Amino acid sequence: MTRELQKFVKVYLSLEQAYDTTCQLRATLHSYSERYVRGVRCGLEDVLRARELTVGDYEGLTDIAFDDENTLYEYLTEMYRYLFEAGGSQPLPPD
């Protein structure tokens, strides 16, 4: 996980922020420097490819618990599509 992705996840995908879809997360991310956005994108691509992030790791960063890794990776895949492929609306983590 890149430093940029770790910071992004801790700040914007944490329990306090992840359920707020009014903040226009995509626009917020892309308002940062190109280097930071690239770090988040590359980090997320690496996480999705390697699948080394566990539900415990994610909960440690965000205080959000997923039932299993498949559900976590479905969420992260949808988040990637939302942030970098202009896919639909911001996905929500589990209740």
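Structure's up top.
Residues numbered from 1 in each chain as written. Predicted model: local features only at pLDDT ≥ 70, side-chain atom pairs only at ≥ 80, totals over all residues. Heavy atoms only, no water.

## Comments concerning a negative patch on the surface
Phase 1: Judged by side-chain charge, D57, D67, D68, E69 and E74 come together as a negatively charged surface patch.
Phase 2: By secondary structure assignment, the location of E74 is in helix α5 (residues 69-84).
Phase 3: Relative accessible area serves as the criterion here: at 53%, E74 is assigned to the exposed category. (Patch = residues over 30% accessible without salt bridge, like charges linked within 9 Å, V, L, I, M, F, W, Y side chains within 5 Å. Areas by Shrake-Rupley, 256 points an atom, 1.4 Å probe, with all protein chains shown as cover. Salt bridge = Lys/Arg side-chain N within 4 Å of Asp/Glu carboxyl O. Lys, Arg positive; Asp, Glu negative; His and termini not counted. Charge placed at Lys NZ, Arg CZ, Asp CG, Glu CD. Helix = DSSP H or I, 4+ residues; strand = E, 2+ residues; numbered from the N terminus. Buried < 20%, exposed > 50% of the residue type's maximum accessible area, 1.4 Å probe, protein only.)

## With respect to the pattern of salt bridges
Phase 1: Going through the model one piece at a time under the given rule, you end up with four salt bridges.
Phase 2: A salt bridge links E34 to R38; the shortest N-O distance between them is 3.4 Å. With a gap of four residues between them, E34 and R38 both fall in helix α3 (residues 34-50), about one helical turn apart.
Phase 3: Judged by its relative accessible area of 44%, R38 is partly exposed.

## Things to note about the packing of aromatic side chains
Phase 1: This model, assessed by the stated rule, comprises six aromatic pairs.
Phase 2: The interplanar angle of 75 degrees and the centroid separation of 5.5 Å between the aromatic rings of Y58 and F66 together place this pair among those described as edge-to-face.
Phase 3: With a centroid separation of 5.4 Å and 40 degrees between ring planes, the pair formed by F66 and Y75 is classed as tilted.
Phase 4: Overall, the relative accessible area of 6% leaves F66 in the buried class.
Phase 5: Three or more aromatic residues joined by ring pairs form one cluster here, namely Y58, F66 and Y75.
Phase 6: For the cation-ring pair, R51 lies above Y73, with the distance from its terminal atom to the ring centre recorded as 4.2 Å. (Phe/Tyr/Trp six-rings, centres within 6.5 Å; stacked < 30°, edge-to-face > 60°. Lys NZ or Arg CZ within 6 Å of the ring centre and 35° of its normal.)

## Thoughts on a nonpolar patch on the surface
Phase 1: A contiguous nonpolar surface patch, about 270 Å² in accessible area, is contributed by L15, Y19 and L92.
Phase 2: Assignment of secondary structure puts Y19 in the loop between α1 (3-12) and α2 (25-30).
Phase 3: Take Y19: its relative accessible area is 33%, and that puts it in the partly exposed class.

By themselves, these are just geometric observations and shouldn't be taken as functional.
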